[in-house]
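Each chain, written out:
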Amino acid sequence: MILLNIASENEKTIEKIAELLLTKKLAVDINLKVNVTRLSIVDDKIEKQPIYVITAKTKALLFNKIEELIKETFKDQTPELFSLPITTMEIKQAEEIINNTQKV
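These figures come from a predicted structure and were not determined experimentally.

(A) Representation of the side chain of Lys59. Structurally, the position occupied by Lys59 is in the loop between strand E3 (45–58) and helix H2 (63–73). One buried charged residue, Lys59, remains without a salt bridge, the closest side chain of opposite sign being Glu96 at 12 Å. Among the polar contacts made by the side chain of Lys59, one reaches the main-chain carbonyl oxygen of Ile98 at a distance of 3.5 Å. Once you skip the residues sitting within four places of it in the chain, Lys59 turns out to touch Ile2, Ile97, Ile98, Thr101, Gln102, Lys103 and Val104.

(B) Structural context of the sheet that holds strand E1 (residues 2–8). The antiparallel open sheet is built from 4 strands, whose spatial order is E2-E3-E1-E4. The sheet is open, and its two borders are formed by strand E2 (28–42) and strand E4 (80–85), each paired with just one other strand. Within the sheet, the average angular offset between the axes of one strand and its neighbour, ignoring direction, is 25°. Alignment of E1 against E3, held across 7 bridges, turns out to be antiparallel. Bridge assignment links Ser8 to a residue of E3, and that residue is Tyr52. Lying over the sheet, helix H3 (residues 91–100) contacts E2 and E3, oriented at roughly 100° with respect to E2.

(C) Structural view of H2. Within H2, burial applies to Phe63, Ile66, Leu69 and Ile70. Taken end-on, H2 shows its buried residues confined to a sector of 130°, consistent with a single buried face. Exposed residues pointing more than 90 degrees away from the buried face of H2 are listed as Glu68 and Glu72. Contacts from the buried residues of H2 go to E1, helix H1 (11–23), E3 and E4.

What counts and how
Residues numbered from 1 in each chain as written. Predicted model: local features only at pLDDT ≥ 70, side-chain atom pairs only at ≥ 80, totals over all residues. Heavy atoms only, no water. Helix = DSSP H or I, 4+ residues; strand = E, 2+ residues; numbered from the N terminus. Buried < 20%, exposed > 50% of the residue type's maximum accessible area, 1.4 Å probe, protein only. Lys, Arg positive; Asp, Glu negative; His and termini not counted. Salt bridge = Lys/Arg side-chain N within 4 Å of Asp/Glu carboxyl O. Polar contact = N/O pair within 3.5 Å; in protein donor to acceptor, adjacent residues only side chain to side chain. Contact = heavy atoms within 4.5 Å. Pairing = 2+ DSSP bridges. Axes fitted to C-alpha atoms, helices over the stretch in contact; angles between N-to-C directions. Arc of directions from axis to C-beta.

Below you can see the structure in the form of structure tokens.
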């Protein structure tokens, strides 16, 4: 199991990704985070930028399929995408992911 983290400057992009992940059974429990501020250094100055983030639980074996879908759908502005391993999880949550995502 993994926790997807997908970030974009475009709120509609993030909402569309969440919709795709749910309708295609690629993830469960999607959390949409708005009003997130990203700090970065540009020309030796700290800049603030608003971004939108979703996190979602899924199977690790679905990551490549998710990545391909996102790249295909958002060719011009592919959002940031990475995952974190879920090393332990309450059994009912694990069963929800197993039963409610695509079979691999």
